[in-house]
Amino acid sequence: MIEVVIATKNDKKLRELRRYLKSVKAHIVSLKEMSGTPRIREDKSTFKGNAVKKAVTISKFTKGVVLADDSGLCVDALGGEPGVKSARFAGPRKKDGDNSIKVLKLLEGLPAGKRTARFVCAIAIADKGKVIKLIEEYCSGRIADSVRGRHGFGYDPIFLIPEYKKTFGELGLKVKDKMSHRSKALKKARKFLREYL
Ligand code: IMP
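Since the model is a prediction, treat every value here as computed from it, not as a measurement.

Caption draft 1: Molecular detail of the environment of Phe153. Relative to the elements of secondary structure, Phe153 occurs in the loop between strand 5 (130-143) and strand 6 (159-161). Counting along the chain gives 66 residues from Phe153 to Ala87, while the straight-line C-alpha distance between them is 11 Å. In this view, Phe153 contacts Lys12, Asp96, Lys176 and Arg182; residues no more than four positions away in its chain are not counted.

Caption draft 2: Seen up close, the pairing of strand 5. The pairing of strand 4 (residues 116-127) with strand 5 spans 12 bridges and is classified as antiparallel. Paired with Cys121 across the bridge in strand 5 is Glu137. A loop of two residues connects strand 4 with strand 5, the two strands running antiparallel in sequence, and Lys128 in this loop sits at a positive phi of about 50°. Here strand 5 runs beside strand 6; their pairing, made up of two bridges, is antiparallel. Its bridge partner being in strand 6, Ile143 is matched across the sheet by Phe159.

Caption draft 3: Looking closely at the layout of surface pockets. Its boundaries defined by the atoms lining it, the largest pocket holds a volume of some 1,400 Å³. Considering the residues around the largest pocket, the lining is formed by 40 residues, among which Thr8, Asn10, Lys13, Glu42 and Ala87 are closest to the centre. Examining the composition of the lining of the largest pocket, we find that five residues originate from one element, helix 1 (residues 11-20), more than from any other. When its residues are assigned to classes, the lining of the largest pocket shows 11 nonpolar, 11 polar and 18 charged.

Caption draft 4: How the structure looks around helix 6 (residues 181-196). Along its 16 residues, helix 6 runs 23 Å from first to last C-alpha, staying within 8% of the 22 Å computed at 1.5 Å per residue. Buried residues of helix 6: His181, Arg182, Ser183, Ala185, Leu186, Ala189, Phe192 and Leu193, and no others. Those residues of helix 6 that are buried are in contact with helix 1, strand 3 (65-75), strand 4, strand 5 and helix 5 (173-179).

Caption draft 5: Quick peek at a nonpolar patch on the surface. On the surface, Ile2, Tyr196 and Leu197 cluster together to form a nonpolar patch covering roughly 240 Å² of accessible area. Mapping Leu197 onto the fold places it in the segment after helix 6. Relative accessible area serves as the criterion here: at 32%, Leu197 is assigned to the partly exposed category.

Caption draft 6: Summary view of the sheet that holds strand 7 (residues 166-167). Pairing is mixed in the open sheet, where seven strands are placed in the order 2-1-3-4-5-6-7. Sheet topology places strand 2 (27-30) and strand 7 at the edges, where each strand pairs with a single neighbour. Of the strand pairs in this sheet, strand 6 and strand 7 are connected by two bridges, and their pairing is antiparallel. Among the inter-strand pairings, Ile161 is bridged to a residue of strand 7, identified as Lys166. Across the sheet, helix 2 (residues 47-59) touches strand 1 (3-6), strand 3, strand 4 and strand 5, and the angle it forms with strand 3 is around 160°.

Conventions used here
Residues numbered from 1 in each chain as written. Predicted model: local features only at pLDDT ≥ 70, side-chain atom pairs only at ≥ 80, totals over all residues. Heavy atoms only, no water. Helix = DSSP H or I, 4+ residues; strand = E, 2+ residues; numbered from the N terminus. Contact = heavy atoms within 4.5 Å. Pairing = 2+ DSSP bridges. 1 Å grid on protein atoms, 1.4 Å probe; cavity = no way out; pocket = protein on both sides within 12 Å on 5 of 7 lines; lining within 4 Å. Points joined across faces, edges and corners; volume = space filled by probe spheres on them. Nonpolar A, V, L, I, M, F, W, Y, C, P; charged D, E, K, R; others polar. Expected span 1.5 Å × (residues − 1). Buried < 20%, exposed > 50% of the residue type's maximum accessible area, 1.4 Å probe, protein only. Patch = residues over 30% accessible without salt bridge, like charges linked within 9 Å, V, L, I, M, F, W, Y side chains within 5 Å. Areas by Shrake-Rupley, 256 points an atom, 1.4 Å probe, with all protein chains shown as cover. Salt bridge = Lys/Arg side-chain N within 4 Å of Asp/Glu carboxyl O. Axes fitted to C-alpha atoms, helices over the stretch in contact; angles between N-to-C directions.

By themselves, these observations are geometric and do not establish any function.
Here it is, written out as structure tokens:
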């Protein structure tokens with residue numbers, strides 16, 4: 001059976017990706033099960049750039065097809081920040097909650113109409129050192145006035161979905177799965193892999 005390598009060591013991400021790729025007839029492995037792969041710095045200025053860098057680099061170390069993703073939050077009033085720096089916006093050792101608080105502080109006093117934002121997810125699929133598919137998907141919303149809800153991770157508790165008047169932190173995974181940047185991108189990746197493999 002063909003191997004699909006997920007270019008991550010993050011267990012949460014891996015679980016989510018495995019769930020989406022269940023129907024793909026392939027043996028799914030992660031970087032955790034591979035030895036000798038290099039540590040890859042996510043130093044590109046775009047999500048697509050980082051996803052491509054990870055997928056291409058790892059695909060030179062395996063016979064399998066490699067899927068890599070990069071994602072984050074882009075806030076219009078902050079000129080697209082935190083963007084590719086989403087995971088470390090408040091500093092390298094800070095937690096998810098600190099990143100959200102930093103965004104809330106920067107937007108303090110801004111009216112609802114100017115708090116527009118979107119989550120972005122880029123997925124690159126590579127085979128033998130070449131990109132064979134590049135996907136980017138979005139989920140639009142607004143930044144709430146405060147932290148709301150305990151579901152999800154990262155910026156979920158401050159990301160408001162206007163049609164529900166609730167944050168992803170309040171809505172939970174079932175609703176998030178239907179509209180998230182990652183689920184949209186993964187559905188496209190799944191369709192591509194089913195046809196490619
Ligand atoms: P990555 O692991 O390099 O893709 O970093 C993604 C970062 O963006 C995470 O650490 C979160 O801060 C943020 N992020 C990406 N997707 C989501 C999401 O679905 N909800 C909340 N935060 C997200």
